[in-house]
Amino acid sequence: MPVTPLHIVFIWPFLRILRKDRIFLITGAMIPDLEIPLMNLAGFEIPRGIAHSIIGALTVDGFAAILTGMIIYRSKYLKKVLEINDYVSGSWLRIWLISSIGALTHISIDFLHHSYNPILWPILMEYYIGPLVYLMNYELATFSVHVFSIISLLSILIYSSSRMRTSFWKLISSYKNLYRALAEPNF
């Protein structure tokens, strides 16, 4: 996994297209990693299970992302601090689909550079090795994906600061501007 918030760079182009329900795509892209600390606490050696599978992305992750998104929308504090302009479309099917797409994006990126991917759980209870791990080794594959993610994030922030007509430092020092650049990039 690139550090969980870095998963936003992989969905950012979709965020520029979406006008509604963006927060569900964002929460969907990050929610699968919630299982890692939970599985560690439960004593599992390999902390990847249902949330990192295709079926999990369409079920558990999708619904957890919806719940998380609804909590964000109902938080007066977050709406005020971030000046959230996004709104819920009202279509539960659309919200579920967007949340699941975010989760599928997450597990697809993780699949590239992990050697323990339960992609087909529970149909096949096996862990699969990602293609970058075959080409490199685990450490180099993970490092490469993280470097790519960080370069992508910096590129997005530089582009956003230009489009928002603000300095890079003002952009990253303001929660509101950073949220706008990453989550609501229609400027």
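Reading the values: rules and limits
- Residues numbered from 1 in each chain as written.
- Predicted model: local features only at pLDDT ≥ 70, side-chain atom pairs only at ≥ 80, totals over all residues.
- Heavy atoms only, no water.
- Axes fitted to C-alpha atoms, helices over the stretch in contact; angles between N-to-C directions.
- Helix = DSSP H or I, 4+ residues; strand = E, 2+ residues; numbered from the N terminus.
- Left-handed = near helix turned anticlockwise from the far one by under 90°.
- Contact = heavy atoms within 4.5 Å.
- Nonpolar A, V, L, I, M, F, W, Y, C, P; charged D, E, K, R; others polar.
- Phe/Tyr/Trp six-rings, centres within 6.5 Å; stacked < 30°, edge-to-face > 60°.
- Buried < 20%, exposed > 50% of the residue type's maximum accessible area, 1.4 Å probe, protein only.
- Salt bridge = Lys/Arg side-chain N within 4 Å of Asp/Glu carboxyl O.

Participant: Looking at this structure, I do not really get the packing of helix 2 (residues 22–30) against helix 7 (residues 92–113). What am I missing?
Facilitator: What describes two packed helices is the angle between their axes and the distance between those same axes. Two numbers describe how helix 2 lies on helix 7: the axes approach to 6 Å, and their chain directions differ by 35°. Classified by chirality, the crossing of helix 7 by helix 2 is right-handed. Within the contact between the two elements, helix 2 uses Phe 24, Leu 25, Gly 28, Ala 29 and Met 30 and helix 7 uses Ile 95, Ile 98, Ser 99, Ile 101, Gly 102, Ala 103 and His 106. Here the residues of the contact of helix 2 with helix 7 sort into eight nonpolar, four polar and no charged.

Participant: When you look at the packing of aromatic side chains in this model, what are you seeing that I'm missing?
Facilitator: Where two aromatic rings form a pair, the distance of their centres and the angle of their planes describe that pair. Evaluated as defined, the whole model comprises five aromatic pairs. Here the aromatic rings of Phe 168 and Trp 169 are separated by 5.1 Å at their centres, their planes lie at 85°, and the arrangement is edge-to-face. With relative accessibility at 21%, the residue Phe 168 sits in the partly exposed group. Judged by relative accessible area, which is 62%, Trp 169 ranks as exposed.

Participant: It is not clear to me how the pattern of salt bridges should be interpreted in this structure. Could you clarify?
Facilitator: Opposite charge on two side chains permits them to pair, given that their charged atoms come into close proximity. Throughout the structure, instances matching the rule amount to two salt bridges. For Arg 94, the salt bridge goes to Asp 21, with nearest N and O atoms at 2.7 Å. Of this pair, Arg 94 sits in helix 7 while Asp 21 is found in the loop between helix 1 (8–17) and helix 2, placing the two residues 73 residues apart along the sequence. A residue is classified by how much of its surface remains accessible, and Arg 94, at 28% relative accessible area, is partly exposed. Of the charged contacts, one joins Arg 48 and Asp 110 as a salt bridge, the two residues approaching to 3.0 Å between their closest N and O atoms. Residue Arg 48 is located in the loop between helix 3 (35–41) and helix 4 (54–58), and its partner Asp 110 is located in helix 7; the two are separated by 62 residues in the primary sequence. Take Arg 48 and Asp 110: they sit in the same class, and that class is buried.

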